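# Residue-level structural notes
Chain by chain, the residues:
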Amino acid sequence: MRRRKRLSCQGMFPVRRAGKILLAELKRMWRDPQISKEDNIKVPETIEEAFAEAVTLHRGGNLEEAEDLYRVVLDADPEHADATNLLGVLAADQGYHDDAVDLIGQAIGYQPENPFYFFSLGNVFMCQDLYEDAVVCYEQSLELDPKQGVANQNLAAMLRHQGNFEEAERACARALE
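In what follows, the accompanying structure is described. All values reported here derive from a predicted model rather than from experimental measurement. (Residues numbered from 1 in each chain as written. Predicted model: local features only at pLDDT ≥ 70, side-chain atom pairs only at ≥ 80, totals over all residues. Heavy atoms only, no water.)

Glancing now at the overall build of the chain. Tallying secondary structure elements over the chain gives ten helices and zero strands in all. Put simply, the chain runs from its N terminus to its C terminus through helices and strands in the order α-α-α-α-α-α-α-α-α-α. When each of the 177 residues of the chain is scored for burial, the buried share is 42%. For the chain, the exposed surface amounts to about 10000 Å²; the carbon and sulfur share of it is 49%. (Helix = DSSP H or I, 4+ residues; strand = E, 2+ residues; numbered from the N terminus. Buried < 20%, exposed > 50% of the residue type's maximum accessible area, 1.4 Å probe, protein only. Areas by Shrake-Rupley, 256 points an atom, 1.4 Å probe, with all protein chains shown as cover.)

One non-glycine residue, D129, lies in the positive phi region at around 60°. Relative to the elements of secondary structure, D129 occurs in the loop between α7 (115-127) and α8 (131-144).

So, about the nonpolar core. In this structure, I108, L121, V124, F125, Y138 and L155 are the most contacted members of the largest nonpolar core, which totals 27 residues. Going through the elements one at a time, α5 (81-93), α6 (97-110), α7, α8, α9 (149-161) and α10 (165-176) are the ones with two or more residues in this core. Counting 14 residues, the second-largest nonpolar core is a separate cluster that includes V55, A66, L90 and L103. (Core = buried A, V, L, I, M, F, W, Y, C linked by side-chain atoms within 4.5 Å.)

Side chains bearing opposite charge may pair, as long as their charged atoms lie close to each other. One pass over the full model with this rule turns up two salt bridges. Between E67 and R71 there is a salt bridge, and its shortest N-O distance comes to 3.0 Å. Of the two residues, E67 and R71 are both situated in helix α4 (residues 63-76); the distance of four residues between them amounts to about one turn of the helix. On the accessibility criterion, E67 (1% relative accessible area) is buried. Using a relative accessible area of 7% as the deciding quantity, one classes R71 as buried. With a closest N to O distance of 2.4 Å, E167 and R170 form a salt bridge. Taken together, the residues span about one helical turn, with E167 and R170 both in helix α10 at a distance of three residues. E167 gets classed as partly exposed once you look at its relative accessible area, which sits at 30%. (Salt bridge = Lys/Arg side-chain N within 4 Å of Asp/Glu carboxyl O.)

Right, let's get into the packing of α9 against α10. Two numbers describe how α9 lies on α10: the axes approach to 8 Å, and their chain directions differ by 165°. Classed by the angle they form, the pair α9 and α10 counts as roughly antiparallel. Where α9 crosses over α10, the handedness of that crossing is left-handed. In this structure, α9 uses G149, N152, Q153, L155, A156, L159 and R160 to contact α10, whose residues at the interface are F165, E167, A168, A171, C172, R174 and A175. Here the contact of α9 with α10 is composed, by residue class, of eight nonpolar, three polar and three charged. (Axes fitted to C-alpha atoms, helices over the stretch in contact; angles between N-to-C directions. Parallel < 35°, antiparallel > 145°, perpendicular 65-115°, else oblique. Left-handed = near helix turned anticlockwise from the far one by under 90°. Contact = heavy atoms within 4.5 Å. Nonpolar A, V, L, I, M, F, W, Y, C, P; charged D, E, K, R; others polar.)

Here you go:
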């Protein structure tokens, strides 16, 4: 997969006004820790704490808050591959597939050995009915980590859509191993 140019998260899928306010406030609290102490607000102390909280929010379905924290992380570390990938996944969840492809491709450029980024990109392509592109991504993901059951399941589904039933059956068997 070719390396994509680095994109800014600014100007990608729409950022809500409330999110911009939260983002500005969180940055202000980071610069002045006394504010959060006075107001009894738990502010993540490190980028990794902010990222972990964003993941928790994302998993819990709090997409707006997760997006805000992913953007805080990326503001502090623009090449944070996991945050870039998950912001792409979040964009896809909201129907912004082109932005998702760009963001996940950017994460792949940062860490081309990470199988989960290829898996994420395959999922975006699958949602767009781009089965050939999804197959390529799932195969790359499985080349990097052959033990991914869900990647094998998704690969099998894409191969079935292409009419490649024998390969789909083999992928299903690998998923069950």
